[in-house]
Amino acid sequence: MLTIDITKKLSSFYFKFNQSIECQGITAILGVSGSGKSTLINLINGLIRPDSGKILINGTTLIDCEKNIFIPPEQRHIGTVFQDALLFPHYKVVNNLLYGCHGSIQRNRLTDIIDLLNIGHLLNRYPTKLSGGERQRVAIGRALLTNPRLLLMDEPLSALDMPRKKELLAYIKNLAKEFSIPVIYVTHNINEVKQIADRVAILEQGQLYAYGDRDEILQNSYLQEWL
Amino acid sequence: MLLTELEWQTLLLSLKIAGAAILFSLPIGILAAWVLARCHFWGKSIFDVIVHLPLVLPPVVLGYLLLSTMGKRGILGAWLYNYVGISFSFNWQGAALASAVVAFPLMVRSIRLAIESIDTRLEHVARTLGASRWRVFITITIPLSFTGILMGVVLGFARCLGEFGATITFVSNIQGETRTLPLAMYTSLQIPDGEASAMRLCILSILLSLIALFISEMLNRLHKKRLAE
């Protein structure tokens, strides 16, 4: 269970989120641009600090403003895949993949991830020589190899063309199942939600508008204008 | 060879002083550049001004300030001499210190620009992958600002080789100890029939600068090629 109860003042609005999210399967965070989706992601992974409140994952505190606890991003064991792959340009693909592995890599896991994402033939290339879809797959693999307890994805497909989107969506659906890693998937695209999400949270102007199972939320009248 | 024994000695001394100045100030310079590029704290503008001060102060003023603080009777200099056993007065170490101070802002500016041009999101993603701030600095920030660091080193080295005012004020003009190329040229021009020697030293200085630029250009290309592979 990911328990979030935080506030953060942003330049254009006040971000306020209070909801427990089940740590299982894929939870989609849906919202228009500027609704605070990326803010939520960066509050969970620790890249920004809230003004007040707390975040707990499976009972472990990540941040608690009252008790003055702040676990830095590198100690949270939460993987993040951003809109751009953000591969390290001076590392080959294989070294990008291994960047977050500390010493003990399980050989099986490495080959499993490489097979699942179909990136075995790219290992010795530099990121500049990859296509957009390949780059994003490597970024996903890199995040998975840190062995995260939660994987955050911030519009991972929005920089890709349609065929790549479809292809990558299938990979994402697979990995949540195969590695049983809970995924929080941020998007503004309702079709992606339909295809992969188990649960949906709708963000509107920095506030949680609705949260629940996919089919239930998709009935919501708010979404009619999205369809 | 074309150079006299004395001129060879001067050349080697100049290289030694500039090399030591850069070697010891580079780590501090990278750290200062990183702080200026990435940190936000109260009093940062004051820190910025202090780092850039040697760029705008007359070198003679710097030399005088060094003499009064780092000389054997200076506040810091006396302490260093009595308790650590290091002295900067009228020796080549003092010349290196003067050069380092004068070259410092040039070096920091170039490195700072390089660090500022790195996509901060790369550093952020590295942290979400479990890297501490220090590891991010070593594995992401430093390699990606390599070109700027190189430029800083070359600019700083060239500035050190050309240092005159602060050096002659702080550690005087002692043959074999603090008489670098510019000081030797100046000395040659002060004595009758010294013009030929001054001309040779002048050509030598130009050659050194060209070689430094050439080496940096080579390293830069090598680095770019490695990135583009």
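Note that the structure is a prediction, hence the values are computed from the model and not measured.

**Comments concerning the interface of chain A and chain B**
Thought 1: In this assembly, 24 residues from chain A lie in contact with 23 residues from chain B.
Thought 2: Of the roughly 2100 Å² buried between chain A and chain B, counting both surfaces, carbon and sulfur atoms make up 62%.
Thought 3: Ranking the residues of chain A by area buried against chain B places E74, H90 and Y99 of chain A at the top, with a combined share of 32%.
Thought 4: Between chain A and chain B we count two salt bridges in total.
Thought 5: One can count five residue pairs in polar contact (both at pLDDT 80 or more) joining chain A with chain B.
Thought 6: When residues of the side of chain A that touches chain B are traced back to their parent elements, those giving at least two are β7 (78–81) and α4 (132–144) of chain A.

**Description of empty space enclosed by the protein**
Thought 1: The tally for this structure, following the rule as stated, stands at one cavity of 30 Å³ or more.
Thought 2: Taken together, T80, V81, F82, A85, A139, R142 and A143 of chain A together with V125 and L129 of chain B form the lining of the largest cavity.
Thought 3: Of all the secondary structure elements, the ones that give two or more residues to the lining of the largest cavity are β7 and α4 of chain A.
Thought 4: Ranked by the residues each element gives to the lining of the largest cavity, the list is headed by α4 of chain A, at three residues.
Thought 5: Residue composition of the lining of the largest cavity, grouped by class: seven nonpolar, one polar and one charged.

**Topic: the nonpolar core**
Thought 1: Core analysis: the biggest nonpolar cluster contains 47 residues, and M70, V108, I111 and F170 of chain B have the highest contact counts within it.
Thought 2: Looking at this core, the element that brings in the most residues is helix α1 (residues 5–38) of chain B, giving 15 residues.
Thought 3: Ignoring any residue separated from it by four or fewer positions in sequence, one finds I111 of chain B in contact with L26, I30, A33, G148 and I149 of chain B.
Thought 4: Among the nonpolar cores identified, the runner-up in size contains 36 residues, and I114, L117, L175 and V183 of chain A belong to it.

**So, the layout of surface pockets**
Empty space among the atoms becomes visible once a probe the size of a water molecule is rolled across them.
Residues and elements named next belong to chain B.
Thought 1: Here the largest pocket is characterised by a volume of approximately 700 Å³.
Thought 2: Together, 22 residues line the largest pocket, and S25, L66, L97, A100 and V101 are the ones closest to its centre.
Thought 3: When contributions to the lining of the largest pocket are tallied by element, the ones reaching two or more residues are α1, α2 (44–56), α3 (59–70) and α5 (92–116).
Thought 4: By residue number, the principal contributor to the lining of the largest pocket is α5, which donates seven residues.
Thought 5: Tallied by class, the residues present in the lining of the largest pocket amount to 20 nonpolar, two polar and no charged.
Thought 6: Put simply, the second largest pocket is a space of about 540 Å³.
Thought 7: Lining the second largest pocket are 20 residues, with R38, E123, H124, R127 and R133 sitting closest to its centre.
Thought 8: Elements with a minimum of two residues in the lining of the second largest pocket: α1, α6 (120–128) and α7 (133–144).
Thought 9: Each residue belonging to the lining of the second largest pocket can be placed in one class, and the counts come to ten nonpolar, five polar and five charged.

What counts and what doesn't
Residues numbered from 1 in each chain as written. Chains lettered and ligands numbered in written order. Predicted model: local features only at pLDDT ≥ 70, side-chain atom pairs only at ≥ 80, totals over all residues. Heavy atoms only, no water. Contact = heavy atoms within 4.5 Å. Buried area = accessible area lost by both parts, 1.4 Å probe. Salt bridge = Lys/Arg side-chain N within 4 Å of Asp/Glu carboxyl O. Polar contact = N/O pair within 3.5 Å; in protein donor to acceptor, adjacent residues only side chain to side chain. Helix = DSSP H or I, 4+ residues; strand = E, 2+ residues; numbered from the N terminus. 1 Å grid on protein atoms, 1.4 Å probe; cavity = no way out; pocket = protein on both sides within 12 Å on 5 of 7 lines; lining within 4 Å. Points joined across faces, edges and corners; volume = space filled by probe spheres on them. Nonpolar A, V, L, I, M, F, W, Y, C, P; charged D, E, K, R; others polar. Core = buried A, V, L, I, M, F, W, Y, C linked by side-chain atoms within 4.5 Å. Buried < 20%, exposed > 50% of the residue type's maximum accessible area, 1.4 Å probe, protein only.

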